[in-house]
Amino acid sequence: MLPIHFAPLQGHTDDVYRRTHHALIGGIERYYTPFVRVEAGGIRSKDRRDVDPKNNAGTPVTPQLIFSSCKELDYLLGEMESLGYTTIDLNMGCPFPMQAKHGRGSGLLAHTDIVEEIAQSIRTKKHLNFSVKMRLGWEHPDEWRPVLDILNDTPLCQITLHPRIGTQQYKGEVSLDAFDEFYTLCKHPLVYNGDITSMEHIHHLEEKYPNLAGAMIGRGLLARPSLAMEYASGKVLTDIERKRQLHIFHDRLKAHYEETVNSEAQLHSRLRLFWEYMEEELGRKIYKKIMKAGNLKNYLLAVKDV
(Lines give C-alpha, C1' and ligand atoms only; values in the text may rest on other atoms or scores of the structure.)
Protein backbone atom coordinates (compact mmCIF):
# COMPACT_ATOMS: atom_id res chain seq x y z
CA MET A 1 0.00 0.00 0.00
CA LEU A 2 1.56 3.30 -1.09
CA PRO A 3 1.41 6.28 1.28
CA ILE A 4 -0.57 9.07 -0.39
CA HIS A 5 0.67 12.66 -0.10
CA PHE A 6 -1.60 15.62 -0.87
CA ALA A 7 0.20 18.03 -3.18
CA PRO A 8 -0.35 21.75 -2.54
CA LEU A 9 -2.21 23.95 -5.00
CA GLN A 10 -2.20 27.71 -4.54
CA GLY A 11 -5.70 29.05 -3.87
CA HIS A 12 -7.16 25.62 -3.13
CA THR A 13 -5.42 23.65 -0.38
CA ASP A 14 -5.25 26.25 2.37
CA ASP A 15 -5.26 25.35 6.07
CA VAL A 16 -9.07 25.26 6.18
CA TYR A 17 -9.28 22.84 3.26
CA ARG A 18 -6.53 20.62 4.70
CA ARG A 19 -8.03 20.45 8.19
CA THR A 20 -11.49 19.73 6.84
CA HIS A 21 -10.29 17.08 4.41
CA HIS A 22 -8.26 15.35 7.12
CA ALA A 23 -11.10 15.36 9.65
CA LEU A 24 -13.87 14.39 7.24
CA ILE A 25 -12.21 12.13 4.66
CA GLY A 26 -8.56 11.30 5.38
CA GLY A 27 -6.48 8.65 3.67
CA ILE A 28 -3.54 11.06 3.46
CA GLU A 29 -0.07 10.36 4.84
CA ARG A 30 0.97 14.02 4.67
CA TYR A 31 -0.35 17.36 3.45
CA TYR A 32 1.96 20.07 2.09
CA THR A 33 1.30 23.78 2.32
CA PRO A 34 1.25 25.93 -0.81
CA PHE A 35 4.76 27.29 -1.15
CA VAL A 36 5.96 29.98 1.25
CA ARG A 37 8.26 32.58 -0.30
CA VAL A 38 10.11 35.77 0.53
CA GLU A 39 8.26 38.84 -0.70
CA ALA A 40 9.20 42.46 0.07
CA GLY A 41 11.75 41.23 2.61
CA GLY A 42 9.42 38.96 4.56
CA ILE A 43 6.67 36.35 4.48
CA ARG A 44 3.19 37.40 3.42
CA SER A 45 0.70 37.45 6.30
CA LYS A 46 -1.51 35.08 4.29
CA ASP A 47 1.29 32.52 4.07
CA ARG A 48 2.25 32.94 7.70
CA ARG A 49 -1.35 32.31 8.72
CA ASP A 50 -1.47 29.21 6.51
CA VAL A 51 1.58 27.59 8.13
CA ASP A 52 0.77 28.67 11.70
CA PRO A 53 0.68 25.45 13.76
CA LYS A 54 -2.49 26.66 15.49
CA ASN A 55 -4.23 26.54 12.12
CA ASN A 56 -2.93 23.05 11.39
CA ALA A 57 -3.58 21.35 14.70
CA GLY A 58 -4.16 17.62 14.33
CA THR A 59 -3.22 17.61 10.64
CA PRO A 60 0.01 15.96 9.39
CA VAL A 61 1.39 18.94 7.49
CA THR A 62 4.79 19.96 6.12
CA PRO A 63 5.54 23.53 5.00
CA GLN A 64 6.85 23.85 1.45
CA LEU A 65 9.38 26.60 0.73
CA ILE A 66 10.29 28.19 -2.60
CA PHE A 67 13.51 30.21 -3.02
CA SER A 68 16.17 31.26 -5.49
CA SER A 69 19.19 31.39 -3.18
CA CYS A 70 20.66 30.16 0.07
CA LYS A 71 19.94 33.56 1.59
CA GLU A 72 16.22 33.26 0.88
CA LEU A 73 16.14 29.65 2.06
CA ASP A 74 17.99 30.39 5.30
CA TYR A 75 15.56 33.20 6.12
CA LEU A 76 12.57 30.94 5.47
CA LEU A 77 14.06 28.09 7.49
CA GLY A 78 14.56 30.42 10.43
CA GLU A 79 10.92 31.44 10.27
CA MET A 80 9.74 27.81 10.07
CA GLU A 81 11.95 26.78 12.99
CA SER A 82 10.49 29.60 15.05
CA LEU A 83 7.08 28.02 14.46
CA GLY A 84 8.35 24.63 15.61
CA TYR A 85 8.73 22.84 12.26
CA THR A 86 11.58 20.35 11.91
CA THR A 87 10.55 18.81 8.55
CA ILE A 88 10.65 21.02 5.45
CA ASP A 89 9.81 20.44 1.79
CA LEU A 90 11.93 22.31 -0.77
CA ASN A 91 10.14 23.33 -3.97
CA MET A 92 12.28 22.77 -7.05
CA GLY A 93 9.34 21.96 -9.27
CA CYS A 94 6.95 24.91 -9.52
CA PRO A 95 6.32 25.52 -13.25
CA PHE A 96 4.72 28.96 -13.02
CA PRO A 97 6.80 31.44 -15.06
CA MET A 98 6.51 34.24 -12.48
CA GLN A 99 8.49 32.05 -10.08
CA ALA A 100 10.62 29.95 -12.45
CA LYS A 101 11.95 32.88 -14.45
CA HIS A 102 13.32 34.31 -11.21
CA GLY A 103 15.21 31.09 -10.48
CA ARG A 104 12.66 29.56 -8.13
CA GLY A 105 10.88 26.23 -8.39
CA SER A 106 11.74 24.37 -11.60
CA GLY A 107 13.72 27.44 -12.68
CA LEU A 108 16.32 26.51 -10.06
CA LEU A 109 17.13 23.20 -11.77
CA ALA A 110 19.24 24.87 -14.47
CA HIS A 111 21.47 26.48 -11.83
CA THR A 112 23.46 23.58 -10.42
CA ASP A 113 25.88 25.96 -8.71
CA ILE A 114 23.04 27.28 -6.54
CA VAL A 115 21.68 23.76 -5.99
CA GLU A 116 25.12 22.69 -4.77
CA GLU A 117 25.33 25.68 -2.43
CA ILE A 118 21.91 24.84 -1.03
CA ALA A 119 22.89 21.18 -0.62
CA GLN A 120 26.04 22.17 1.29
CA SER A 121 23.89 24.29 3.59
CA ILE A 122 21.43 21.42 4.15
CA ARG A 123 24.29 19.11 5.12
CA THR A 124 25.08 21.40 8.06
CA LYS A 125 21.48 21.47 9.34
CA LYS A 126 21.40 18.02 10.90
CA HIS A 127 18.56 18.99 13.25
CA LEU A 128 16.16 19.39 10.30
CA ASN A 129 14.63 16.88 7.91
CA PHE A 130 14.37 17.87 4.25
CA SER A 131 12.47 16.58 1.26
CA VAL A 132 12.58 17.91 -2.30
CA LYS A 133 9.81 18.20 -4.88
CA MET A 134 11.17 18.62 -8.40
CA ARG A 135 10.61 18.24 -12.14
CA LEU A 136 12.84 16.93 -14.90
CA GLY A 137 13.99 20.46 -15.61
CA TRP A 138 12.79 23.92 -16.56
CA GLU A 139 13.41 23.98 -20.32
CA HIS A 140 15.31 20.72 -20.94
CA PRO A 141 14.34 17.20 -19.83
CA ASP A 142 17.91 16.26 -18.84
CA GLU A 143 18.48 19.06 -16.33
CA TRP A 144 17.66 16.63 -13.52
CA ARG A 145 20.82 14.59 -14.06
CA PRO A 146 23.44 16.85 -12.42
CA VAL A 147 20.85 17.91 -9.84
CA LEU A 148 20.23 14.30 -8.81
CA ASP A 149 23.99 13.72 -8.51
CA ILE A 150 24.04 16.55 -5.97
CA LEU A 151 20.89 15.44 -4.15
CA ASN A 152 22.06 11.82 -3.92
CA ASP A 153 24.93 13.07 -1.74
CA THR A 154 22.61 15.22 0.40
CA PRO A 155 20.66 13.91 3.42
CA LEU A 156 16.99 13.87 2.38
CA CYS A 157 14.01 11.95 3.66
CA GLN A 158 12.50 11.75 0.15
CA ILE A 159 12.38 13.19 -3.35
CA THR A 160 9.10 13.70 -5.20
CA LEU A 161 9.40 13.78 -8.98
CA HIS A 162 6.84 15.15 -11.42
CA PRO A 163 8.15 13.88 -14.78
CA ARG A 164 7.48 16.94 -16.91
CA ILE A 165 9.63 20.01 -17.56
CA GLY A 166 8.55 23.34 -16.15
CA THR A 167 7.71 24.98 -19.47
CA GLN A 168 5.11 22.26 -20.06
CA GLN A 169 3.31 23.30 -16.89
CA TYR A 170 0.57 20.60 -16.88
CA LYS A 171 0.27 20.13 -20.65
CA GLY A 172 1.32 17.14 -22.71
CA GLU A 173 2.22 13.71 -21.41
CA VAL A 174 4.39 12.89 -18.42
CA SER A 175 7.68 11.22 -19.39
CA LEU A 176 7.55 7.77 -17.81
CA ASP A 177 10.81 6.78 -19.54
CA ALA A 178 12.57 9.61 -17.70
CA PHE A 179 10.87 8.60 -14.45
CA ASP A 180 12.06 5.01 -14.95
CA GLU A 181 15.66 6.19 -15.23
CA PHE A 182 15.33 8.58 -12.28
CA TYR A 183 13.82 5.72 -10.23
CA THR A 184 16.85 3.56 -11.00
CA LEU A 185 19.43 6.23 -10.13
CA CYS A 186 17.80 7.91 -7.13
CA LYS A 187 19.36 6.90 -3.79
CA HIS A 188 16.57 8.42 -1.68
CA PRO A 189 12.99 7.25 -1.10
CA LEU A 190 11.14 8.35 -4.25
CA VAL A 191 7.55 9.57 -4.54
CA TYR A 192 5.74 9.76 -7.88
CA ASN A 193 3.66 12.84 -8.77
CA GLY A 194 1.74 13.63 -11.94
CA ASP A 195 -1.71 12.99 -13.45
CA ILE A 196 -2.92 10.45 -10.87
CA THR A 197 -6.71 10.39 -11.20
CA SER A 198 -7.83 6.89 -10.23
CA MET A 199 -7.26 3.96 -7.91
CA GLU A 200 -6.22 1.94 -10.98
CA HIS A 201 -3.36 4.35 -11.63
CA ILE A 202 -2.14 4.05 -8.04
CA HIS A 203 -2.25 0.25 -8.25
CA HIS A 204 -0.31 0.42 -11.52
CA LEU A 205 2.40 2.48 -9.82
CA GLU A 206 2.56 -0.07 -7.00
CA GLU A 207 3.11 -2.89 -9.46
CA LYS A 208 5.55 -1.14 -11.79
CA TYR A 209 7.71 0.46 -9.09
CA PRO A 210 7.90 -1.95 -6.12
CA ASN A 211 10.39 0.29 -4.28
CA LEU A 212 8.35 3.47 -4.68
CA ALA A 213 7.97 5.33 -1.38
CA GLY A 214 4.60 6.92 -2.14
CA ALA A 215 2.38 8.80 -4.53
CA MET A 216 1.67 12.54 -4.40
CA ILE A 217 -1.68 13.68 -5.79
CA GLY A 218 -2.93 17.23 -6.25
CA ARG A 219 -5.50 17.86 -8.97
CA GLY A 220 -6.72 14.26 -8.78
CA LEU A 221 -7.69 14.75 -5.13
CA LEU A 222 -9.34 18.09 -5.83
CA ALA A 223 -11.34 16.33 -8.53
CA ARG A 224 -12.25 13.42 -6.24
CA PRO A 225 -11.47 14.23 -2.59
CA SER A 226 -12.23 10.65 -1.51
CA LEU A 227 -9.65 9.07 -3.86
CA ALA A 228 -6.93 8.41 -1.26
CA MET A 229 -9.43 7.22 1.32
CA GLU A 230 -11.01 4.82 -1.17
CA TYR A 231 -7.58 3.49 -2.11
CA ALA A 232 -6.49 3.06 1.53
CA SER A 233 -9.73 1.34 2.54
CA GLY A 234 -10.19 -0.68 -0.64
CA LYS A 235 -13.82 0.46 -0.71
CA VAL A 236 -15.12 2.42 -3.69
CA LEU A 237 -17.88 4.83 -2.68
CA THR A 238 -21.09 4.90 -4.65
CA ASP A 239 -22.05 8.04 -6.56
CA ILE A 240 -24.61 8.84 -3.87
CA GLU A 241 -22.04 8.41 -1.08
CA ARG A 242 -19.50 10.65 -2.84
CA LYS A 243 -22.08 13.36 -3.55
CA ARG A 244 -23.24 13.30 0.07
CA GLN A 245 -19.63 13.62 1.19
CA LEU A 246 -19.05 16.55 -1.17
CA HIS A 247 -22.04 18.41 0.28
CA ILE A 248 -20.78 17.92 3.84
CA PHE A 249 -17.26 19.00 2.86
CA HIS A 250 -18.56 22.07 1.01
CA ASP A 251 -20.89 23.08 3.84
CA ARG A 252 -18.09 22.90 6.41
CA LEU A 253 -15.90 25.12 4.27
CA LYS A 254 -18.83 27.49 3.76
CA ALA A 255 -19.45 27.75 7.51
CA HIS A 256 -15.82 28.71 8.07
CA TYR A 257 -15.52 31.21 5.25
CA GLU A 258 -18.78 32.90 6.24
CA GLU A 259 -16.96 33.89 9.43
CA THR A 260 -13.76 35.07 7.76
CA VAL A 261 -14.56 36.78 4.44
CA ASN A 262 -15.92 40.30 4.07
CA SER A 263 -18.65 40.00 1.45
CA GLU A 264 -20.97 37.66 -0.43
CA ALA A 265 -18.87 38.19 -3.55
CA GLN A 266 -15.73 37.02 -1.75
CA LEU A 267 -17.57 34.04 -0.29
CA HIS A 268 -18.88 33.09 -3.72
CA SER A 269 -15.42 33.41 -5.26
CA ARG A 270 -13.81 31.31 -2.54
CA LEU A 271 -16.39 28.51 -2.56
CA ARG A 272 -16.46 28.29 -6.35
CA LEU A 273 -12.86 27.04 -6.30
CA PHE A 274 -14.01 23.91 -4.46
CA TRP A 275 -15.58 22.58 -7.68
CA GLU A 276 -12.98 23.80 -10.19
CA TYR A 277 -11.52 20.37 -10.99
CA MET A 278 -14.75 18.37 -10.64
CA GLU A 279 -16.29 18.49 -14.12
CA GLU A 280 -15.96 14.73 -14.60
CA GLU A 281 -17.27 14.02 -11.11
CA LEU A 282 -20.32 16.29 -11.44
CA GLY A 283 -21.15 15.98 -15.11
CA ARG A 284 -20.81 18.86 -17.57
CA LYS A 285 -24.32 20.29 -17.11
CA ILE A 286 -24.17 20.74 -13.33
CA TYR A 287 -20.51 21.76 -13.46
CA LYS A 288 -21.22 24.56 -15.94
CA LYS A 289 -24.23 25.72 -13.89
CA ILE A 290 -22.07 26.03 -10.77
CA MET A 291 -19.13 27.69 -12.50
CA LYS A 292 -21.28 30.17 -14.44
CA ALA A 293 -23.47 31.25 -11.50
CA GLY A 294 -23.09 35.02 -11.34
CA ASN A 295 -23.78 35.53 -7.66
CA LEU A 296 -23.88 33.66 -4.37
CA LYS A 297 -27.64 33.03 -4.45
CA ASN A 298 -27.56 31.39 -7.88
CA TYR A 299 -24.40 29.53 -6.97
CA LEU A 300 -26.00 27.96 -3.90
CA LEU A 301 -29.04 26.99 -5.94
CA ALA A 302 -26.75 25.30 -8.45
CA VAL A 303 -24.89 23.42 -5.71
CA LYS A 304 -28.18 21.90 -4.55
CA ASP A 305 -28.32 20.01 -7.85
CA VAL A 306 -25.12 18.10 -7.04
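Just above sits the structure.
Summary of the structure given here. If you're wondering where the values come from, they're calculated on a predicted model, not measured in any experiment.

**Describing the pattern of salt bridges**
Thought 1: On inspection of all chains with the given rule, the structure shows 22 salt bridges.
Thought 2: A salt bridge links arginine 123 to glutamate 116, with the shortest nitrogen-to-oxygen separation between them at 3.1 Å.
Thought 3: Exposure remark for arginine 123: the relative accessible area of 25% places this residue in the partly exposed category.
Thought 4: Accessibility expressed as a relative area gives 25% for glutamate 116, which makes it partly exposed.
Thought 5: The salt bridge partner of glutamate 258 is lysine 254, with a shortest N-O separation of 2.6 Å. One end of the pair is glutamate 258 and the other is lysine 254, both in helix H11 (residues 239-260) and 4 residues apart, which spans about a single turn.
Thought 6: Residue classification places glutamate 258 among the partly exposed residues on the basis of a relative accessible area of 40%.

**Things to note about the nonpolar core**
Thought 1: In terms of nonpolar packing, the biggest core is built from 87 residues, with Met134 and Trp275 touching the most fellow members.
Thought 2: The residues touching methionine 134, leaving out its near neighbours within four places in the chain, are Met92, Gly93, Leu109, Trp144, Val147, Leu151, Ile159, Thr160, Leu161, His162 and Phe182.

**Points about the side chain of aspartate 89**
Thought 1: Position of aspartate 89 among the secondary structure elements: in strand E5 (residues 87-92).
Thought 2: Notably, aspartate 89 is buried but unbridged: the nearest opposite-charge side chain belongs to lysine 133, and the N-O separation is 7.1 Å.
Thought 3: Not counting chain neighbours up to four residues away, the residues in contact with aspartate 89 comprise Tyr32, Thr62, Pro63, Gln64, Leu65, Ser131, Val132 and Lys133.

**Points about the layout of surface pockets**
Any empty space left between atoms is shown by rolling a water-sized probe over those atoms.
Thought 1: Roughly 1000 Å³ of volume is contained in the largest pocket.
Thought 2: Grouping the constituent residues of the lining of the largest pocket by class yields 19 nonpolar, 12 polar and 10 charged.
Thought 3: The computed volume of the second largest pocket comes to approximately 570 Å³.
Thought 4: Along the wall of the second largest pocket there are 23 residues; nearest its centre are Asp14, Lys46, Arg49, Tyr257 and Arg270.
Thought 5: Taken together, the elements giving at least two residues each to the lining of the second largest pocket come down to helix H1 (15-24), helix H2 (45-51), H11 and helix H12 (264-272).
Thought 6: When residues of the lining of the second largest pocket are assigned to their parent elements, the largest contribution, 4 residues, is made by H2.
Thought 7: Looking at the lining of the second largest pocket residue by residue, the class counts come to 5 nonpolar, 9 polar and 9 charged.

**Remarks on the pairing of strand E9 (residues 214-217)**
Thought 1: Of the two faces of E9, both are covered, the one formed by Gly214 and Met216 as well as the one formed by Ala215 and Ile217.
Thought 2: Taken together, the 3 bridges between strand E1 (residues 4-6) and E9 define a ladder with parallel strand orientation. Bridging from a neighbouring strand, phenylalanine 6 pairs with isoleucine 217 of E9.
Thought 3: Direction of pairing for strand E8 (residues 190-193) relative to E9: parallel, over a ladder of 3 bridges. By the bridge assignment for E9, valine 191 is matched with glycine 214.
Thought 4: Running through helix H8 (residues 199-208), the crossover from E8 to the neighbouring parallel element E9 is right-handed.

**Points about empty space enclosed by the protein**
Thought 1: This structure, assessed with the given rule, holds 2 cavities of 30 Å³ or more.
Thought 2: Estimates place the volume of the largest cavity at around 90 Å³.
Thought 3: Lining the largest cavity are His12, Tyr17, Leu222, Leu253, Tyr257, Arg270, Leu271, Leu273, Phe274, Glu276 and Tyr277.
Thought 4: At the level of secondary structure, the elements contributing two or more residues to the lining of the largest cavity comprise H11 and H12.

**Quick word on the side chain of asparagine 56**
Thought 1: Turning to its location among the elements, asparagine 56 is positioned in the loop between H2 and strand E3 (61-62).
Thought 2: On the basis of relative accessibility, which here comes to 4%, the residue asparagine 56 falls in the buried class.
Thought 3: Among the polar contacts listed, one links the side chain of asparagine 56 to the backbone oxygen of aspartate 52, at a separation of 2.9 Å.
Thought 4: What asparagine 56 contacts, discounting residues up to four positions off in sequence, is Asp15, Arg18, Asp50, Val51, Val61 and Tyr85.

**Considerations on the packing of H11 against helix H15 (residues 296-303)**
Pairs of packed helices are described in terms of their axes, by the angle between the two and the distance that separates them.
Thought 1: With their axes 12 Å apart at the nearest point, H11 and H15 run at an angle of 155° to one another. When the interaxial angle is binned, H11 and H15 end up roughly antiparallel. From H11, His247, His250 and Lys254 reach across to H15, where they touch Tyr299, Leu300 and Val303.

Conventions adopted
- Residues numbered from 1 in each chain as written.
- Predicted model: local features only at pLDDT ≥ 70, side-chain atom pairs only at ≥ 80, totals over all residues.
- Heavy atoms only, no water.
- Salt bridge = Lys/Arg side-chain N within 4 Å of Asp/Glu carboxyl O.
- Buried < 20%, exposed > 50% of the residue type's maximum accessible area, 1.4 Å probe, protein only.
- Helix = DSSP H or I, 4+ residues; strand = E, 2+ residues; numbered from the N terminus.
- Core = buried A, V, L, I, M, F, W, Y, C linked by side-chain atoms within 4.5 Å.
- Contact = heavy atoms within 4.5 Å.
- Lys, Arg positive; Asp, Glu negative; His and termini not counted.
- 1 Å grid on protein atoms, 1.4 Å probe; cavity = no way out; pocket = protein on both sides within 12 Å on 5 of 7 lines; lining within 4 Å.
- Points joined across faces, edges and corners; volume = space filled by probe spheres on them.
- Nonpolar A, V, L, I, M, F, W, Y, C, P; charged D, E, K, R; others polar.
- Pairing = 2+ DSSP bridges.
- Right-handed = clockwise from strand over helix to strand, strands pointing away.
- Polar contact = N/O pair within 3.5 Å; in protein donor to acceptor, adjacent residues only side chain to side chain.
- Axes fitted to C-alpha atoms, helices over the stretch in contact; angles between N-to-C directions.
- Parallel < 35°, antiparallel > 145°, perpendicular 65-115°, else oblique.

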